[in-house]
Amino acid sequence: MKYLSRLLPVVVALLIVACDQPSEEEKAMGGTIPADYYLEDYRPQFHFSPEANWMNDPNGLVYYQGEYHMFYQYYPDSTVWGPMHWGHAVSRDLVTWEHLPVALYPDDLGYIFSGSVVVDRNNTSGLGTDENPPLVAIYTYHQPDIEASGASAFQYQGLAYSVDKGRTWTKYEGNPILKDMSKKDFRDPRVVWHAPSQKWVMILAVFDHLELYGSPDLISWQYLSSFGQGEGSHEGVWECPDLFELPLEGTAASRWVMLVSISAGGERGSATQYFVGDFDGTAFVNQNRPENILWLDFGRDNYAGVTWSDVPERDGRRIFMGWMSNWDYAQVVPTHPWRSAMTVPRTLSLVSLPEGFRIRSFPVGEFDILRKQVKEINKQLIIGGNDWSSYLYGREPLLDMELVFTNVKKHGSWQIALSNLTGDTLVFGFDDVTDYVFVDRSAAGETGFSDTYTGVHRGKRKSNTDQMAVRVLLDRSSLEIFADMGEVVLTEQFFVKEPFTSMRVQFPHDEVLVQGVVYQLNRIWPQGED
Ligand code: FRU
C-alpha cells in the first residue's frame, strides 16, 4: 500500500504543473536558456536536481568510457511520485551534469523501480559483442494493479541493455529475468561482479532482509543466501542495497561493506545503515555486533544512496551518492517545478576503531574545481561569539568551509548560526556535553509543510581527540557537514527564501581555538540569457 498512497497527490499536482522549461530538444537545437535557469526559489546551485518534476533514488550509477552515468527514479509528469521511469544524466567530473533523455519508460510489465547498471566486459550476457560490450541495467518492475488487488507478487526483476554508451536502451525480450511469486517486497537489485568466483551476484531487498543470487550471464539467476534478520535496524522496510569491498585504512587488508536503506518508519524517517564484514561469493557475514546500528549519515536527507560501479582500478575510489530527501516529507517540500536533489558525490573509506569498523564519507576531490575565492580565518580564540558575516561573500553564499577547532575535549562546544534579513536562522555545531554534532533547522525558513520535517538532528562524535576538523558545504537549500574527516556526517535540507547575510560563530565556554578557510563556490548550471 506504500506505493499506492504515494500516488494520491499525483492527480492534484498534474493540474498545477506548468511546463515552462525548455525541452531537451529545444536545447539541442540551440534554443536559448532562460534567464532564470536553475534560479527559482530554493533551487540547489551545485547539487544535481532534475530540470522539472519528481526525482527519488539514484539508480544505475556506472562509469563507462570517461562518463559517470547517473540514472534516477523519475516521474516526468508531476512533482510527486508516480509511474516510475529512469531519468538520466552524465558527468565527466562528478560536479557538472548534462541532462539526457529518459532512459527507461514503464511498459506492460510495470513501473521501472530502482536497480543498477554494470559494464558486461566479457559480454557474458551475449547482448553486445566482444569489441563493444553492453551496459546492462537490472531493475525492478513494479505492478501497481497487482499490488492493488492484494496479491503478493507485484515486484520482479527486468533487464535492459545499451550498446551505444547508455544513450539508448533495449529491454530484454525474455523479461522478467527473476521473479518469486511468494514475495511481496522484492526489489532494488544491485549487481556486482565477484572476480574470485567468476560470477555475477545480485543483492535484492526483500522486506526485512536481503537475498543474494548468482549468475554466469546476468540473465539466469540462482538463490545463494540471505542476510539481515536480527541485524541492524528494522524500523522500516529494507530497500536499495549495495555491496563492495573497501581497503581497511593503514593496513593491507580489506573488508566488504553492505549498505541498506530503510524506508520511513523510524524516528529519523528514511535513512541508510551499513554493515562491515566478509563476503565469499556466496554469503555476507557481518563482523560488527549485530545489534549495532551504523548510520551512514546522521542528517535527515540522505537516502537510497549507492555507489558507482566500474570505476577504473587505477582510480580505486568507491564513490557514493544519495537522494537528498526523506520519504517523511519529500513529496511536500516547497519547491517548484522540480522536487528533490542528490547529495554531492562522496568517497567512502573504512577505518578500524576500538568499537569496530566504521565508514568515513567525504566529498570527492573534484569539488575543488568549483572554488572561486578564498578567505582565511586566522587562528582565533573567541570570547563568547564573533561576527563572521564577511565570509559570506555578499548576496548568494555558496560556501565550502574547512574549519579546525582545537580544545574540543575540554570546553569545546561551538556553534555557527546563519541568518537572513527575514530572521530565518540555521544553526549547526558541536556540543561537548553530549558529544553530538548537530544541525538545527527548526527556525530555518519554511517548516510547516510537514510535522516530521523540523527539529534538531544529531550524530554522536566517535573520535575523542582534542582537535576537530570540519568540512561544511552550504548550497542555497542544503547543508552537508563532514566532521572528523567524514566520520560523522549530517546532510540536511532547509528552505529559506532570502539568502543568509549574517554568520556568527559562538563558543559558550570561550576556550576553543579555531582557524580555517572559507571558499566561495561557483554554481554548476549554465547562466541563462535575458
Ligand atoms: C526507495 C524506493 C525503492 C523503490 C523506489 C520506487 O526510495 O522505495 O525501494 O525501488 O523507491 O520509486
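Everything below is about the structure printed above this text.
Here goes a summary of the coordinates provided.

Criteria and cut-off values
Residues numbered from 1 in each chain as written. Predicted model: local features only at pLDDT ≥ 70, side-chain atom pairs only at ≥ 80, totals over all residues. Heavy atoms only, no water. Pairing = 2+ DSSP bridges. Helix = DSSP H or I, 4+ residues; strand = E, 2+ residues; numbered from the N terminus. Axes fitted to C-alpha atoms, helices over the stretch in contact; angles between N-to-C directions. Salt bridge = Lys/Arg side-chain N within 4 Å of Asp/Glu carboxyl O. Buried < 20%, exposed > 50% of the residue type's maximum accessible area, 1.4 Å probe, protein only.

Focus: the sheet that holds strand E30 (residues 478-483)
Spatially, 6 strands are ordered E22-E33-E24-E29-E30-E31 in an open sheet, and the strand pairing comes out antiparallel. Each edge of the open sheet carries a strand with a single partner, namely strand E22 (371-381) and strand E31 (488-493). Strand-to-strand twist in this sheet, taken as the mean axis angle between neighbours without regard to direction, amounts to 10°. Note that strand E29 (residues 467-475) and E30 share 6 bridges and pair antiparallel. Its bridge partner being in E30, leucine 473 is matched across the sheet by glutamate 480.

Some thoughts on the sheet that holds strand E18 (residues 319-323)
Strands sit in the order E17-E18-E20-E21 across an open sheet of 4 strands; the sheet is antiparallel. Every interior strand has two partners, whereas the edge strands, strand E17 (303-307) and strand E21 (356-363), have only one. Going across the sheet, the axis of each strand differs from the next one's by a mean of 40°, ignoring polarity.

Regarding the pattern of salt bridges
Throughout the structure, instances matching the rule amount to 27 salt bridges. Aspartate 188 is the salt-bridge partner of arginine 187, the closest N and O atoms lying 3.9 Å from each other. Here arginine 346 and glutamate 480 are joined by a salt bridge, their closest N and O atoms 2.7 Å apart. Here arginine 346, found in strand E20 (residues 346-353), pairs with glutamate 480, found in strand E30; they are 134 residues apart in sequence, far enough to count as distant. Since its relative accessible area comes to 1%, arginine 346 is described here as buried. On the basis of relative accessible area, glutamate 480 is assigned to the buried category, the value being 0%. A cluster of three or more residues bridged by salt bridges with shared partners is formed by Asp368, Arg371, Asp400, Glu402 and Arg471.

Digging into the pairing of E31
Counting buried positions along E31 gives 6 out of 6 residues, so the element sits mostly inside the fold. Here E31 shows two buried faces, one formed by Val488, Leu490 and Glu492 and the other by Val489, Thr491 and Gln493. Strand direction decides the pairing type here: E30 and E31, joined by 6 bridges, are antiparallel. Note on E31: the bridge partner recorded for serine 478 is glutamine 493. Adjacent in sequence and paired antiparallel, E30 and E31 are bridged by 4 residues, among which aspartate 484 carries a positive phi angle near 50°.

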